[in-house]
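If you want the building blocks of each chain, they are given just below.
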2 protein chains.
Amino acid sequence: MPRKVDHHTRRAAIAESAWRLTSHGGIEAVTMRHVAADAGMSLGQVQHYFTTKDALLTFAYQLLTERITTRTTTTRHPGDEEPEPHDVLRHALVELLPLDEQRTLEAHVTTAYLAHATVTPDMAAQLRKTHTTLENLITHQLRRGQHRGNVPVHLDTTRAARTLLALLDGLTAHVLIGTHTPTDAEHALDTHLDELFTT
Amino acid sequence: MPRKVDHHTRRAAIAESAWRLTSHGGIEAVTMRHVAADAGMSLGQVQHYFTTKDALLTFAYQLLTERITTRTTTTRHPGDEEPEPHDVLRHALVELLPLDEQRTLEAHVTTAYLAHATVTPDMAAQLRKTHTTLENLITHQLRRGQHRGNVPVHLDTTRAARTLLALLDGLTAHVLIGTHTPTDAEHALDTHLDELFTT
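Values in this document were obtained by computation on a predicted structure and should not be read as measured data.

A few points about a negative patch on the surface
Alright, step 1. Negative charge collects at one region of the surface, where A:Asp194, A:Glu195, B:Asp194 and B:Glu195 lie side by side.
Alright, step 2. Elements supplying a minimum of two residues to the negative patch: α9 (182-196) of chain A together with α9 (182-196) of chain B.
Alright, step 3. Mapping B:Asp194 onto the fold places it in helix α9.
Alright, step 4. Looking at B:Asp194, the relative accessible area reads 48%, which means it is partly exposed.

This is the structure we're talking about:
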C-alpha cells in the first residue's frame, strides 16, 4: 500500500517541520504557511493533511511523545532480565534531558508545548496523558526498588514520580536558557535519584 | 511631580494588561493593539510609553519580578532577628507557587516567559539574572542552615539552589496544566526542603 506509507511519511515530515520551527521561534512561529515552506510543500498540500493548525500541533506533539517513549522504554540491558530499577529509571529519564542535539530540539518543543498547554485545555489533557505514562514507568521502577530493598518502603511512589517529572521539565527549560549546563542537569537528576534510592 | 507619577502609573497599568493577556493566551496573545484595548488606551498612547513589543515585554517581566522579589524577601518574622533558615526559605519559595489567584496569574506569566526565553536570548539573560537573585537568597539560607547544623556541611549549596528553582518552575507549570494540585505542589516543595534540612 504505497499510498498509505506515503500519507504517513508526509504527515511525519510536516510534523518535523513544525518541531524545527517551534525549536527556533516557539509555538507562535508555527503557521501553516511557514510549515509548508520548511517542508518544501505547497500550503494546499499541508492543508490536505491537516485542516487546522491545532490538528497539526496535536499530531506533532503525539509523534514526538511516541518517539521519546519508544526510546525511554527500550532496554539497554540485553540478556539481563532483572536490571536494577535505578539503572532502568536513569536510562529512561536522561532521554528527557537536553544532552545532545536531538534531545535539545525535543526539549525546545516540549518546553514550548508545556507553556502552550497552560492556556490550551485540549493540549493540557494531552500532556497529562504523557505524564501519566511516564509516572507509571517511574512508579513501577520505584516499587521494584522497594521490593528489592533499594527504596524506602514508606516512600509515596506516585508523589515521588510527579515531583521527578516536574524537576525534569524545570531542568530542561533551565538548560535551554543557560541557568544550568547539560552536565549540571544530569548531575541534578543523579543527586535526586540517589536521594530516592537510599536503602 | 505629578507627571512623573503618572508616567510610572501608566507604564505599570500597561504591564498589568500584558500580564492579563499572557495569563489567558500566552505571550503570543500580547500585541500592542490588544494591550491598548485591555488598558483602555489608544494604540498611540501605548506606543508613547513602549516603542516596541519587546520593550513592553521586558518592562512587564521586570515589574513582575520586582513585585515577587519584594514579597519573597519581606520577612514575616517580626521581632525575631534569627528566624530559622528553613522557615525563611519556605516563606520565600511558596510565594513562587500558584497557590492563590494572584500567584496563579504570576505563574501563567512566568511560565510563558520561561518558554519565550528559550528562543529569545535577551529574555534568557533577564531570566538568568532573576535566577541568580533567587539562587543567592537560597544559598544564603542553606549556608545559615549549615552553620546552625540543620543542613549537611557537604551539601553543594549552589547546585542545591539551582535544582530547587528548576523544581519550582516545573511544579508551577504542572499545577497550571493540572498534573499537580496546588496542595501537591506545596507538599512536593516541603518534601524537598525536608531532604535538604536533614541534620
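Concerning the UniProt feature "DNA-binding region" (unreviewed entry) in chain A
Alright, step 1. According to UniProt, the feature "DNA-binding region" (unreviewed entry) maps to residues 31-50 of chain A in the numbering used here.
Alright, step 2. In residues 31-50 of chain A, helix accounts for 75% and strand for 0%; the two terminal C-alpha atoms are 12 Å from one another.

Focus: helix α5 (residues 85-94) of chain A
Residues separated by three or four positions in an α-helix point in the same direction, a consequence of the helix having 3.6 residues per turn.
All names here are of chain A.
Alright, step 1. Counting buried positions along α5 yields 7 of 10 residues, so the element is predominantly enclosed.
Alright, step 2. Listed in full, the buried residues belonging to α5 are Pro85, Val88, Leu89, His91, Ala92, Leu93 and Val94.
Alright, step 3. Contact partners of the buried residues in α5: α4 (53-73), α6 (101-117), α7 (121-148), α8 (157-177) and α9.

Side note on the layout of surface pockets
Alright, step 1. Its volume calculated, the largest pocket comes out at about 330 Å³.
Alright, step 2. A:Leu155, A:Ala160, A:Leu196, B:Thr191 and B:Glu195 are the residues nearest the centre of the largest pocket, which is lined by 16 residues in total.
Alright, step 3. Contributions of two or more residues to the lining of the largest pocket are made by α8 and α9 of chain A together with α9 of chain B.
Alright, step 4. Among the elements that take part in the lining of the largest pocket, α9(B) stands out by supplying 5 residues, more than any other.
Alright, step 5. Each residue belonging to the lining of the largest pocket can be placed in one class, and the counts come to 5 nonpolar, 7 polar and 4 charged.
Alright, step 6. Roughly 260 Å³ of volume is contained in the second largest pocket.
Alright, step 7. Together, 16 residues line the second largest pocket, and A:His187, A:Thr191, B:Arg159, B:Ala160 and B:Thr163 are the ones closest to its centre.
Alright, step 8. Contributions of two or more residues to the lining of the second largest pocket are made by α9 of chain A together with α8 (157-177) and α9 of chain B.
Alright, step 9. Of all the elements, α9(A) adds the most residues to the lining of the second largest pocket, at 6 residues.

Details of the pattern of salt bridges
Alright, step 1. Evaluated as defined, the whole model comprises 29 salt bridges over all chains.
Alright, step 2. For A:Arg144, the salt bridge is made with A:Glu82, and the minimal N-O distance between the two is 3.8 Å. Placement of A:Arg144 in helix α7 and of A:Glu82 in the loop between α4 and α5 is noted, with a sequence separation of 62 residues between them.
Alright, step 3. The exposure class of A:Arg144 is buried, given its relative accessible area of 18%.
Alright, step 4. Across the pair A:Glu135 and A:Arg162 runs a salt bridge, and its minimum N-O distance is 3.1 Å. With A:Glu135 in helix α7 and A:Arg162 in helix α8, this residue pair connects regions lying 27 residues apart in the sequence.
Alright, step 5. Residues joined in a network through salt bridges with shared partners are A:Glu135, A:Asp156, A:Arg159, A:Arg162 and B:Asp184.

Notes on the relation of the copies chain A and chain B
Alright, step 1. The operation relating chain A to chain B is a screw motion whose rotation component is 180 degrees, with 0.0 Å of axial translation and a residual RMSD of 0.0 Å. What the superposition gives is, in effect, a two-fold axis relating one chain to the other.

Description of the packing of α7(A) against α8(A)
Residues and elements named next belong to chain A.
Alright, step 1. Between α7 and α8, the least distance of the axes is 8 Å, while the angle of their chain directions is 125 degrees. Relative to α8, α7 is oriented oblique. The handedness of the crossing between α7 and α8 comes out as right-handed. Along the contact surface, α7 presents His131, Leu134, Glu135, Ile138, Thr139, Leu142, Arg143 and Gln146, while α8 presents Thr157, Thr158, Ala160, Ala161, Arg162, Leu164, Leu165 and Asp169.
Alright, step 2. Across the contact of α7 with α8, the residue classes tally to 7 nonpolar, 5 polar and 4 charged.

A few points about the nonpolar core
Alright, step 1. Core analysis: the largest hydrophobic core is formed by 50 residues, its most contacted members being A:Ile138 and B:Ile138.
Alright, step 2. Going through the elements one at a time, α5, α7, α8 and α9 of chain A together with α5 (85-94), α7 (121-148), α8 and α9 of chain B are the ones with two or more residues in this core.

Description of the interface of chain A and chain B
Alright, step 1. Listed by partner, the interface residues are 40 residues for chain A and 40 residues for chain B.
Alright, step 2. Both faces combined, the contact of chain A with chain B buries some 3100 Å², and carbon together with sulfur accounts for 65% of it.
Alright, step 3. Counting the contacts that link chain A with chain B gives 4 salt bridges.
Alright, step 4. Joining chain A to chain B, the criterion identifies 8 residue pairs in polar contact (both at pLDDT 80 or more).
Alright, step 5. Mapped onto the side of chain A that touches chain B, the elements with two or more residues apiece are α1 (2-25), α6, α7, α8 and α9 of chain A.
Alright, step 6. In terms of residues, the side of chain A that touches chain B owes the most to one element, α8(A), which gives 13 residues.
Alright, step 7. For the side of chain A that touches chain B, the class distribution of residues is 15 nonpolar, 18 polar and 7 charged.

About the criteria used
Residues numbered from 1 in each chain as written. Chains lettered and ligands numbered in written order. Predicted model: local features only at pLDDT ≥ 70, side-chain atom pairs only at ≥ 80, totals over all residues. Heavy atoms only, no water. Patch = residues over 30% accessible without salt bridge, like charges linked within 9 Å, V, L, I, M, F, W, Y side chains within 5 Å. Areas by Shrake-Rupley, 256 points an atom, 1.4 Å probe, with all protein chains shown as cover. Salt bridge = Lys/Arg side-chain N within 4 Å of Asp/Glu carboxyl O. Lys, Arg positive; Asp, Glu negative; His and termini not counted. Charge placed at Lys NZ, Arg CZ, Asp CG, Glu CD. Helix = DSSP H or I, 4+ residues; strand = E, 2+ residues; numbered from the N terminus. Buried < 20%, exposed > 50% of the residue type's maximum accessible area, 1.4 Å probe, protein only. UniProt positions renumbered as here; feature names shortened; annotations may be inferred. Contact = heavy atoms within 4.5 Å. 1 Å grid on protein atoms, 1.4 Å probe; cavity = no way out; pocket = protein on both sides within 12 Å on 5 of 7 lines; lining within 4 Å. Points joined across faces, edges and corners; volume = space filled by probe spheres on them. Nonpolar A, V, L, I, M, F, W, Y, C, P; charged D, E, K, R; others polar. Least-squares fit on C-alpha atoms with pLDDT ≥ 70 in both. Axes fitted to C-alpha atoms, helices over the stretch in contact; angles between N-to-C directions. Parallel < 35°, antiparallel > 145°, perpendicular 65-115°, else oblique. Left-handed = near helix turned anticlockwise from the far one by under 90°. Core = buried A, V, L, I, M, F, W, Y, C linked by side-chain atoms within 4.5 Å. Buried area = accessible area lost by both parts, 1.4 Å probe. Polar contact = N/O pair within 3.5 Å; in protein donor to acceptor, adjacent residues only side chain to side chain.

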